[in-house]
Amino acid sequence: MKFTLTINGAQHQVNLEEDTPLLWVLRDSLGMTGTKFGCGVGACGACTVHLDGQPVRSCQIPLSAVGNASIQTIEAVHELSAGQQIQDAWIQEQVPQCGYCQSGQIMSASALLRENPTPSDSEIDNAMRGNICRCGSYSEIRKAIHLAASKGDVNHG
Amino acid sequence: MVEQLTSTSASEGAKQLSRRAFLKASAIITGGLQLALMMPSIAQAEKSEDAFTSGAYIRITPNNQVFLTIGQSEMGQGSLTGLAQLIAEELDADWATVIVERGEVHSAFFRPNAPIQVTGGSGSIRSFYMVLRQTGAAARQMMLLAAARHWNLPIGNLNTKDGMVIAPGDQRLSYGDLVSDAGALKVPDLLSVPLKDESEFRLIGKPMKRLDIQEKVTGEAPFGMDIQLPGMLTAVILHPPAFGAKLLAFDSTAADKAPGIKAIFPVSEGLAIVADSYWHAVTARKSVAVSWSDDKPAFDNDVQNKKMMELALQQPGLVALERGDQRGIFSANHVSAQYDVPHLAHACMEPLNCTIQLRSDSAEVWTGTQFQTSAQQTVASVTGLAPESIAIHTQYLGGGFGRRSAQDFIRLAAEVAQKFDVPVKTVYSREDDMKAGYYRPAACCQMAADLDHNGSLVAFQAKLAVPSLVKHTGLKFLMLPGGVDSTAVEGLDDHSFPYQVANGRVEWVEHDPGVPVWFWRSVGASQNFFFLETFVDQLAAKSRRDPLEFRLAHLEEKPRHRRVLEAVASAARWGTPDAPGVARGIAVAESFGSVCAQVVEVELQDGFPVVRKVVSALDAGRVINPAMVEKQVHGSVLYALSALYSGRISFEKGQVVEDNFWTYEPVRIDRSPVMETLILPSTAPPGGVGEPATPPLAPAACNALFALTGKLVTSLPLKGQSFKLRHSI
């Protein structure tokens, strides 16, 4: 079936089975490999993208369910002010080790920051517990989110 | 200005190097200086020199870009940056101009002490500390000499800083200005090239930012999984349901008609399903009907395996330690315990994958491997191609932890690629990655000890039942004299047993039930220090001594152990009262040339133990990048914590039960404890960093649990075990 997707503000046409997960549309059909495959069952968060601004596991979203929703991926997350703040804070705190989970971490964190500009530790835990990191970058992630939040205050203050 | 390093270890490193390596310089066609490290003693490597010209450590361009090529795999541990710091330090490069590149498989990247390109054993910095410094220093000498000739000045009048040669009167020439002159010079002898004194270090020991960070926050970092090539197909493997089961027959009638399917055919272990995309391949896989032989491991389930391990412990083993009276003294103060640990999966975030393009006389391989030499040999053995005709393009590794030094995914990818003239990416699903083996082995251990009336250890006995990783990996250099596998007895053999004891015996019984096992972050130390360090707390309890004091009293000749224990105890304020409902435990472990002690604070939440805080003290010798070392400690703690809480690959009817992160549960951010890490200053040669903070975590936590609940933990993981506070027993 033919589908038209709005990804990072641009329209893309694909001709695929309707049950194809958005993850594999992005990676295999459109070559947008920043969104990662980690588990295929929505358990690890490596494939997190924004669907109309909400963080979702793209491995669990069939093409048929996307509809007209606007999709944002790691490739364009810097276009969000929260996304840019998160990426800057990730660099400042040197968060990534192997880096494989970090696209998903950054998508979840930027969605959190947009909803909640100054999250507490427990709010960070709630928003980020769907994203597994096997390298163990969690304390750096927490620090980086607080750092990004503090910069946001300055910018908006 | 500069002086030769004079420590024993440095000169030993230099001697080792002199037998194997020399440097070669050339002005390359595009301009600039290329400096390659050669290993002339290995004939095969020389042949491959012509094939892969990127096997160079240093390339300086006329516009002052400094390309440093690193042959060690980057799997998060920070080798790209840490190794670049070593070269750039001695080269006196401007760090801002350094661009780091991942090297191809090449003899230039062999370990200085072995003809293999491998990343493991916490060995990158340890192995290359001297050779990379010498390589950087040699290039700097060439720049100095070229500048001296240019100005007609004595070389002793010149200095270098930030990629410039500086002459009296502040005359300056950039390295870029000098590349063609320097490229024509003879490379100085590595042994005589002067190295910096540590007082001159400006990169070594500094928390330089990672050179791979930008691409790892934008999604651009290339992992093996991300390779896309024209015409590329994707394969998944239908793996056998049990280890050893063989494919008897299959019916792919339905799957053949599924969208995008190109071919379905048997491979050495299972069936390959090849399609135009991952989703098409993995979807079609579900509709293949398969019958398998009923081969399986020697046990059906973990209870049976434990019984088999206990039976194995009744057999005579190979002796790893024997001292004094080995029969044991069996005083009134006798303590004994039996421990067991389960199989563990590595569960790297990036599922295993490998892309191969085969041609009639060559092959290209794109994968995240920890073991390039073995990958080359694996593809050669499958295809019949000469190893030197096989290029290994190492990508970033989405986690390694030992798993990516195994060859199963590369071998299967080569078998699949043989059927096609287009590149094929073979991908493990998460379920494949978790169920297809190569685990930390399950192990069982009995320990016994005698204490005298002062509470001092007079006799120690241990017997281990665990498979041989030497046998599984083929890495014979890990075998100790007498046929004892060093990975089986790590921490308990005569060389590595840390505590003073006059009488003792340690035996290893090889118990191999037919499960593929492999290196897992910290290897044998991951289980053996759980056994030993929880047992030591039992000895301390029996003798009514404080666990820290008991350890220190038995570590009089182990200054590094004492130092980390004292440091961690001070930082964690050991000996002060615990908060209500909280207890602390302590443990120490030496592994991979470093010593780490931890104090772990535990409480019960609804009966389940929760680690609230981990204080670590690490003596890793000289540290190259303290910021990255701290992150490796954090990572090791969390890796060990996942295993402690719930890590278990279990079996039913001979088949692996856990298949994804719902059943094999890594620690998530909400269970990430507060971590405080002390990196102890040292001028000793660098030790390992990626693994040594893993082993102490489980015993320190279990010792805290013992203090809190009175219950001795003898089996991991903690999930499924019940705990009550001591006062409520």
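Per chain, residues are indexed from 1 in the order of the written sequence. Think of it this way: whatever chain is written first is A, whatever ligand is written first is 1, and the rest follow in order. Only residues with pLDDT of at least 70 get local features here, since the model is predicted, and only at 80 or more are side-chain atom pairs given and counted; chain-wide, interface and lining totals rely on the full set of residues.

Let's shift gears to the overall build of chain A. Regarding its fold elements, chain A presents five helices and five strands. Every helix listed is a DSSP run of H or I at least four residues long, and every strand listed is a run of E at least two residues long, numbered separately from the N terminus. Put simply, chain A runs from its N terminus to its C terminus through helices and strands in the order β-β-α-β-β-β-α-α-α-α. Based on C-alpha atoms, the radius of gyration is set beside the globule rule, defined as 2.2 Å times the residue count to the power 0.38. In terms of overall size, chain A behaves like a compact globule, its C-alpha atoms giving a radius of gyration of 15 Å where 157 residues would be expected to give roughly 15 Å. C-beta atoms are placed from the backbone for every residue, and two residues are taken to be in contact when these atoms lie within 7 Å. Residue pairs at least 24 apart in sequence account for 62% of intrachain contacts in chain A once pairs closer than 6 positions are excluded.

The extent of an interface is frequently quoted as the accessible surface area lost upon association of the parts. Residues and elements named next belong to chain B. Residue ranges assigned to the domains are those given by an automatic or database domain assignment. Under the domain assignment used here, chain B contains domain 1 (8-217), domain 2 (224-294 + 352-427) and domain 3 (302-343 + 439-728). Computed over C-alpha atoms only, the centres of domain 2 and domain 3 are separated by 37 Å. The interface is formed by nine residues belonging to domain 2 together with nine residues belonging to domain 3. When residues are sorted by character, Ala, Val, Leu, Ile, Met, Phe, Trp, Tyr, Cys and Pro go into the nonpolar class, Asp, Glu, Lys and Arg into the charged class, and all the rest, Gly among them, into the polar class. Across the side of domain 2 that touches domain 3, the residue classes break down as five nonpolar, three polar and one charged.

Before going further, it helps to examine the environment of glycine 455 of chain B. Residue and element names in this part refer to chain B. Assignment of secondary structure puts glycine 455 in the loop between strand E20 (443-451) and strand E21 (457-466). Burial in this document is a count-based property: other C-beta atoms within 10 Å of a residue's C-beta are tallied, and the residue is buried at 20 or more, exposed at 12 or fewer, or partly exposed in between, with C-beta positions derived from the backbone. Taking the C-beta count within 10 Å as the criterion, glycine 455 has 16 such neighbours and is therefore assigned partly exposed. Distance from glycine 455 to asparagine 333, taken between C-alpha atoms, is 8.3 Å for residues 122 residues apart in sequence. Beyond its immediate chain neighbours, meaning those up to four positions away, glycine 455 contacts Ser543, Arg544 and Arg545.

As a further point, take the pairing of strand E19 (residues 424-427) of chain B. All names here are of chain B. Judged by which residues are buried, E19 turns out to be covered on both faces: Val424 and Thr426 on one side and Lys425 and Val427 on the other are all buried. Any two strands with at least two DSSP-identified bridges between them are counted as paired. Across three bridges, the pairing between strand E9 (residues 233-238) and E19 is parallel. Looking at E19, one finds that alanine 235 is bridged to threonine 426. Taken together, the four bridges between strand E16 (residues 353-358) and E19 define a ladder with antiparallel strand orientation. Of the residues in E19, the one forming a bridge with isoleucine 356 is valine 424.

Taken together, the contacts link 47 residues of chain B with 43 residues of chain A. Contributions of two or more residues to the side of chain B that touches chain A are made by helix H6 (213-217), helix H8 (278-285) and helix H18 (626-646) of chain B. Counting residues per element, the side of chain B that touches chain A draws most heavily on H18 of chain B, which supplies seven residues. For the side of chain B that touches chain A, a count of residues per class yields 24 nonpolar, 13 polar and 10 charged.

Moving on, we get to the packing of helix H4 (residues 124-151) of chain B against helix H5 (residues 175-183) of chain B. Residues and elements named next belong to chain B. To obtain each axis, a line is fitted to C-alpha atoms, and for helices this fit is confined to the stretch in contact; angles are then taken between N-to-C directions over 0 to 180 degrees. For the pair H4 and H5, interaxial distance at closest approach is 9 Å and the crossing angle is 90°. When the axes of H4 and H5 are compared, the pair comes out roughly perpendicular. Contact with H4, carried on its side by Met142, Met143, Ala146, Ala147, Arg149 and His150, involves Tyr175, Leu178, Asp181 and Ala182 of H5 and no other residues of that element. Residues of the contact of H4 with H5, tallied by class, amount to seven nonpolar, one polar and two charged. Angle categories: roughly parallel below 35 degrees, roughly antiparallel above 145, roughly perpendicular from 65 to 115, and oblique for all the rest.

This next bit is on the domain arrangement of chain A. All names here are of chain A. Along its sequence, chain A is carved into domain 1 (2-76) and domain 2 (77-156). Domain 1 and domain 2 are separated by 21 Å when their C-alpha centres are compared. Secondary-structure elements contributing two or more residues to the side of domain 1 that touches domain 2 are strand E3 (48-51) and strand E4 (54-57). The element that contributes the greatest number of residues to the side of domain 1 that touches domain 2 is E3, accounting for three residues. Residue classes in the side of domain 1 that touches domain 2 are distributed as seven nonpolar, nine polar and one charged.

This brings us to the pairing of strand E27 (residues 608-619) of chain B. All names here are of chain B. Pairing analysis gives 11 bridges linking strand E26 (residues 594-605) to E27, with the strands arranged antiparallel. Bridging across to E27, glutamate 601 finds its partner in lysine 613. Here E26 folds back onto E27, and the loop between the two strands holds two residues, one of which, aspartate 606, carries a positive phi near 55°. In this structure, E27 lies alongside strand E30 (residues 674-679), joined through six bridges in parallel fashion. Considered in E30, the bridge of serine 616 is made with threonine 677.

Residue and element names in this part refer to chain B. Structurally, isoleucine 204 can be placed in the loop between H5 and H6. The exposure class of isoleucine 204 is buried, given the 22 C-beta atoms found within 10 Å. Once the C-alpha coordinates of isoleucine 204 and glycine 244 are considered, the two residues, 40 residues apart in sequence, prove to be 49 Å apart. Non-local contacts of isoleucine 204, meaning those with residues more than four positions away in its chain, are made with Gln85, Leu86, Glu89 and Ile624.

All names here are of chain B. The interhelical angle for the contact between helix H10 (residues 372-383) and helix H11 (residues 408-417), taken along N-to-C directions, is 35°, at an axis separation of 9 Å. With respect to the hand of their crossing, H10 and H11 are arranged in right-handed fashion. Within the contact between the two elements, H10 uses Ala375, Thr378, Val379, Val382 and Thr383 and H11 uses Ile410, Arg411, Ala414 and Glu415. The residue inventory of the contact of H10 with H11, partitioned by class, reads five nonpolar, two polar and two charged. Crossings are classed by handedness, with left-handed meaning an anticlockwise turn of the near helix from the far one by less than a right angle and right-handed meaning a clockwise turn.

Right, let's talk about the sheet that holds strand E8 (residues 171-174) of chain B for a bit. All names here are of chain B. The strand order across the open sheet formed by three strands is E6-E7-E8, and the pairing between neighbours is antiparallel. Edge positions in the sheet fall to strand E6 (159-161) and E8, since each has one partner strand and no second. On average, each strand axis in the sheet is inclined to that of its neighbour by 30°, with strand direction left out of account. Note: E6 against strand E7 (residues 164-167), three bridges, orientation antiparallel. Following the sheet pairing, asparagine 159 is matched in E7 by isoleucine 166. Packed on one face of the sheet, H4 meets E6, E7 and E8 and runs near 45° to E7. Sheet contacts for H5: E7 and E8; angle to E8, the most-contacted strand, approximately 65°.

Note: most residues except glycine have negative phi, and most peptide bonds are trans. In this chain, leucine 716 of chain B is followed by proline 717 of chain B through a cis amide linkage whose omega measures 0°. Along the polypeptide, proline 717 of chain B turns up in the segment after helix H19 (697-709).

Residues and elements named next belong to chain A. Relative to the helices and strands, serine 81 is located in helix H2 (residues 81-92). Owing to 15 C-beta atoms within 10 Å, serine 81 belongs among the partly exposed residues under this scheme. Taking the C-alpha atoms as reference points, serine 81 and serine 110, 29 residues apart in sequence, are found 8.7 Å from one another.

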